[in-house]
Amino acid sequence: MAVWIQAQQLQGDALHQMQSLYGQHFPIEVRHYLSQWIEGQLWDAIDLENPQEEFKAKRLLDSLIQELQNKAEHQVGEDGFLLKIKLGHYANQLKSTYDRCPLELVRCIKHILYTEQRLVREATNSSSPVGGMMDSMSQKYQQINQAFEELRLLTQDTENDLRKLQHNQEYFIIQYQESLRIQAQLTSLATLPPADRQLREPALLSKRATVEAWLTREANTLQKYRLDLAEKHQKTLQLLRKQQTVILDDELIQWKRRQQLAGNGGPPEGGLDILQSWCEKLAETIWQNRQQIRRAEHLRQQLPIPGPIEELLNELNSTITDIISALVTSTFIIEKQPPQVLKTQTKFAATVRLLVGGKLNVHMNPPQVKATIISEQQAKALLKNENTRNDSSGEILNNNCVMEYHQTTGTLSAHFRNMSLKRIKRSDRRGAESVTEEKFTILFESQFSVGGNELVFQVKTLSLPVVVIVHGSQDNNATATVLWDNAFAEPGRVPFLVPDKVLWPQLYEALNMKYKAEVQSNRGLSEENLVFLAQKAFSSSSNNPDDYRNMTMTWSQFNRESLPGRNFTFWQWFDGVMELTKKHLKPHWNDGAILGFVNKQQAQDMLMSKPNGTFLLRFSDSEIGGITIAWVAENPNKAGERMVWNLMPYTTKDFSIRSLADRISDLNHLLYLYPDRPKDEVFSKYYTPPLFNHQTLDLEFKSAISSPSL
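None of these values were measured; they are calculated from a predicted model.

*Asks:* How would you explain the overall build of the protein chain if you had to name every residue and give the values?
*Replies:* Of the regular secondary structure elements, the protein chain holds 21 helices and 18 strands. For 710 residues, the compact-globule formula gives about 27 Å, and the C-alpha radius of gyration of the protein chain, at 36 Å, lies well above that figure. Split into buried and exposed, the 710 residues of the protein chain put 46% on the buried side. Nonlocal contacts in the protein chain, meaning residues at least 24 apart in sequence, comprise 69% of its contacts between residues at least 6 apart. Surface summary for the protein chain: the accessible area is close to 36100 Å², and the carbon and sulfur share equals 49%. In the protein chain, the 79 positive side-chain charges and the 82 negative ones have mean positions that sit 3 Å from each other.

Set out below in structure tokens:
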């Protein structure tokens, strides 16, 4: 079903969010009348960060305007006449807005479509039995929205009280001026003859007494109004702090954790639109209350009345400043992380974003962001507020970028597109630590003011840990460091501490996540695979998964110590399997044709009960990134006896010459894929069509067939 049809069925807050996507920048009528055309275009095919894509965006803009004009021309009748004028106006408006910046139109429509799809998906999930997770999420969102509504009402209430206080104070000042005028008249009576003075003085004295009595009562009333208002502001700030804690310490931290797990192949962290809308509501509410407190302070200065109000207002002002400072500094985040394995002399990108930048009008004087690479020790010192000014651990080219405001999406961000690490300065390593275990981070920092230089903020944020390499051969071990860190880092940790050992099920979950992402497959690792990997990791022979549930694996076992009898680590072997599968075996893995995680003895046990010619594919134990074929056949040296044979492993080098499917096709003695599927049924769709009479390739059983080390 078209997204627009579903979007029109949204209700409540979701409908309000959808409607807020539209305005002069992109009228909702255009979305309605061109819905089919809009949803049929390849908006995602355009790279917004590549200026060379502008001509594609211009073509889409021209097509959109042409579609609008065509739609307008086909309108007939009285109602059609008005619509014809309106659509023609929108065509001119969009051309005027985006003709010089067509990429902004693409950005706008991508944002609209993404948000509509998300809102529809959330609405669909909440109405279907997906389980408690979606229910709890929608309940949490509802609580946040309810808190915002309560804050809105409180802020409106204090605004009304403040206006009432101001009105009463203005009237008080008028009456005070009246009392001064009466006093002046009484003073002037001294110049009059006694008879005239006695005639006029009693009335003036009575009037003065009345006014002064009123002023005394009203001064007490004003003081009470001020104290009541301050108490209400205290209540508002308490709720503001609580709401801000939920959004920054819960929701934003969870988003950052999802972003970190996405680095290991976890699901995408999701957009920042909801978080930004919440942070903007916070900023708006905080700023409104801050202005109210400042106005209350101005009224106090205008009419000082002895009492505790001065101290209360100072305390409120200090609290609201702390709240907005925490909001601004916490919402300066990295939207797109730099690569966590960072090779010197290689171009890389990153994006930082200020979630409240648009609401606080920071873009009116666009701030500049600077990127610096620092060591783990420097990151620790930075978080302790120790002086690390001008400290860095290397030189990054193109490391300054001005934040840009995108009006269509309301985002303020800096896109570093062409950074390059020119050099790196390594620290002294600890014990057995290698260069691929040393962690750095990219520090992004900026300074800007809000409220006409009322408040100046220095903001900083650290990237996820990066491991710097100088050669591609280091990538494997660097990826292990990153995987371990992403999987087992705790929120709020000291940079960049991770546990030295973890439970095997935790590690297995991380490996499964990484495997599915690298191989780009929904077929993850099964419980049988878990047992195989645990046997390899712990040099165990147990086939019971429960035996491994409470076992722990250390970092050294993972990627420092070689496996028994091998010259490679557990991770290096596993990474080799992933690389081989990703590059050459993905369709066969997805088809279930590769068992893979089976040792030689298991393969023998499985095949010996099957007919001759039955074979299976398993990853080599003896070689990184190798896969071997095991099959059952007669023993040529002993009549009537059968045995299992194993080919020498194929590697990436072999598959770059001839594919796995073609090699299986060439081997005539392979008949059935385990357990009993004819091989052509499984692999024929992947055979290379014969373009010429193919001479039989030398399949070289490599003299090492049935080698016990495979």
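*Asks:* Which residues make up the UniProt feature "domain: SH2" (unreviewed entry) in the protein chain, and what are the values?
*Replies:* Per the UniProt record, the feature "domain: SH2" (unreviewed entry) sits at residues 589–690. Across residues 589–690 one finds 26% helix and 23% strand; the C-alpha atoms that close the span lie 25 Å apart.

*Asks:* Quick rundown of the pairing of strand β5 (residues 394–397)? Include the residues and the values.
*Replies:* Judged by which residues are buried, β5 turns out to be one-sided: Gly 394 and Ile 396 face inward and are buried, whereas Glu 395 and Leu 397, on the alternate face, are not. Of the strand pairs in this sheet, β5 and strand β8 (residues 411–424) are connected by four bridges, and their pairing is antiparallel. Bridging from a neighbouring strand, Leu 397 pairs with Ser 420 of β8.

*Asks:* Could you give an account of the sheet that holds strand β16 (residues 642–646), naming the residues involved and the relevant values?
*Replies:* The five strands are arranged β16-β15-β14-β17-β18 in an open sheet whose pairing can be described as mixed. A single partner strand is all that each edge strand has here, and the edge strands are β16 and β18 (677–678). Relative to strand β17 (residues 672–673), strand β14 (residues 614–619) is paired through two bridges, and the arrangement is parallel. Residue pairing across strands places Thr 614 opposite Tyr 672, the latter belonging to β17. Contacts from helix α18 (residues 600–607) reach β14, β15 (627–634) and β16, with the element oriented near 165° to β14.

*Asks:* Give me the environment of Thr 187: which residues, what numbers.
*Replies:* For Thr 187, the position within the fold is in helix α8 (residues 132–188). Taking the C-alpha atoms as reference points, Thr 187 and Glu 201, separated by 14 residues in sequence, lie 10.0 Å from one another. A polar side-chain atom of Thr 187 sits 2.9 Å from the main-chain carbonyl oxygen of Gln 183.

*Asks:* An account of the side chain of Asn 635 is needed here, citing residue identities and associated values.
*Replies:* With respect to the element layout, Asn 635 can be found in the loop between β15 and β16. A polar atom in the side chain of Asn 635 sits 2.9 Å from the backbone nitrogen of Asn 637. Every residue in contact with Asn 635, bar those within four places of it in the chain, is listed here: Glu 641, Arg 642 and Met 643.

Conventions used here
- Residues numbered from 1 in each chain as written.
- Predicted model: local features only at pLDDT ≥ 70, side-chain atom pairs only at ≥ 80, totals over all residues.
- Heavy atoms only, no water.
- Helix = DSSP H or I, 4+ residues; strand = E, 2+ residues; numbered from the N terminus.
- Rg over C-alpha atoms; globule rule 2.2 N^0.38 Å.
- Buried < 20%, exposed > 50% of the residue type's maximum accessible area, 1.4 Å probe, protein only.
- Contact = heavy atoms within 4.5 Å.
- Areas by Shrake-Rupley, 256 points an atom, 1.4 Å probe, with all protein chains shown as cover.
- Lys, Arg positive; Asp, Glu negative; His and termini not counted.
- Charge placed at Lys NZ, Arg CZ, Asp CG, Glu CD.
- UniProt positions renumbered as here; feature names shortened; annotations may be inferred.
- Pairing = 2+ DSSP bridges.
- Axes fitted to C-alpha atoms, helices over the stretch in contact; angles between N-to-C directions.
- Polar contact = N/O pair within 3.5 Å; in protein donor to acceptor, adjacent residues only side chain to side chain.

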